[in-house]
Amino acid sequence: TRKESSAASDVYKRQMMNNKKESFNKLLELGANPNSNNSYCVGPLNTAIRYNINCDIYFIKKLLNYGADISPKFFKKCNSHYAYDPIVETIMYHYEEDKIECQFKILKLLSSKLNNPNLLFKYNDSINYRQNIVYRCLSTHKNIPALKYLIINLKLKIPEKIFIDGTVFPNFHGYMSLKEILQNKAFVFEHSEYREKAKQEILAYLDKQGIK
């Protein structure tokens, strides 16, 4: 039931936040559901991503080994645009400069389990675009280093056009190429060297690939 799922998710959370690895392992061994989610539609894998200590990805790895779903479609299950799957959760919670390297470790682990070169194409439409990975990198926190990592390091394919809204450009709602987006003055990062560097690396990569 939903109540049991929420209770299981909360037990997982307590073990992770207190770094109780032994008791956490016991939960998994005894068959506690790694895909349970609480009343806020947050599952154990998302919790492990949000609250990992010193970038120890032990809990993330364990959950994945026991079958945690990387694409649970929380936004559909919970009927909310703001319930995110684990990869988007990583992009949303690890955008600050001191968390970037940790973010890369998590993104590499999650994407390798999915092994889907078309990952950036998912939900790239006018209804579900808030769940699209490229959109999330471009939106609110402008997590350009994550986008660079996904495109250049992991070599994921890039959609020809990305559906974006006013959180990327004021008063805009529609499709635009990634190159057009990154060349816009809204993506000049005078006060964020690591974002600006990542942006320039993406643009150079797009040019090298002949992507307009």
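As a reminder, the structure under discussion sits directly above these lines.
In this text the structure is predicted, and so the values were computed from the model without any measurement.

When the charged atoms of two side chains lie near each other, side chains of opposite charge can form a pair. Applying the stated criterion across every chain yields a total of nine salt bridges. Between lysine 179 and aspartate 207 there is a salt bridge, with the nearest N and O atoms lying 2.4 Å from each other. Taken as a pair, lysine 179 in helix H10 (residues 178-183) and aspartate 207 in helix H11 (residues 193-209) lie far apart in primary sequence, 28 residues in all. By relative accessible area, which is 47% here, aspartate 207 ends up partly exposed. A single network of salt bridges, built from pairs that share partners, joins Lys148, Lys197 and Glu201.

Of all hydrophobic cores here, the largest spans 61 residues; its most connected members are Ile60, Leu138 and Leu178. Residues contacting leucine 138, with those up to four places away along its chain left out, are Ile144, Leu147, Ile162, Ile164, Val168, Leu178, Ile181, Leu182 and Phe187.

As a further point, take the packing of helix H2 (residues 21-29) against helix H4 (residues 58-65). Remark: H2 packs on H4, axes separated minimally by 11 Å, with the N-to-C direction vectors making an angle of 10°. Classified by the interaxial angle, the pair formed by H2 and H4 is roughly parallel. Along its contact with H2, which presents Lys21, Phe24, Asn25 and Leu28, the element H4 presents Tyr58, Phe59, Lys62 and Leu63. Its residues assigned to classes, the contact of H2 with H4 comprises five nonpolar, one polar and two charged.

At asparagine 79, a position not held by glycine, the phi torsion is positive, near 55°. Assignment of secondary structure puts asparagine 79 in the loop between helix H5 (74-77) and helix H6 (86-93). What makes asparagine 79 exposed here is its relative accessible area of 73%. In this structure, asparagine 171 takes a positive phi of about 65° despite not being glycine. Among the structural elements, asparagine 171 can be located in the loop between strand E1 (162-164) and strand E2 (174-176). A relative accessible area of 83% means that asparagine 171 is categorised as exposed.

Listed as buried for H2 are Phe24, Asn25 and Leu28. Projected onto a plane normal to the axis of H2, the buried residues spread over an arc of 100° and lie on a single side. For H2, exposure combined with an orientation more than 90 degrees from the buried face picks out Glu22 and Glu29. Looking one or two residues past H2, glycine 31 carries a phi angle of roughly 95°, positive in sign.

Reading the values: rules and limits
Residues numbered from 1 in each chain as written. Predicted model: local features only at pLDDT ≥ 70, side-chain atom pairs only at ≥ 80, totals over all residues. Heavy atoms only, no water. Salt bridge = Lys/Arg side-chain N within 4 Å of Asp/Glu carboxyl O. Helix = DSSP H or I, 4+ residues; strand = E, 2+ residues; numbered from the N terminus. Buried < 20%, exposed > 50% of the residue type's maximum accessible area, 1.4 Å probe, protein only. Core = buried A, V, L, I, M, F, W, Y, C linked by side-chain atoms within 4.5 Å. Contact = heavy atoms within 4.5 Å. Axes fitted to C-alpha atoms, helices over the stretch in contact; angles between N-to-C directions. Parallel < 35°, antiparallel > 145°, perpendicular 65-115°, else oblique. Nonpolar A, V, L, I, M, F, W, Y, C, P; charged D, E, K, R; others polar. Arc of directions from axis to C-beta.

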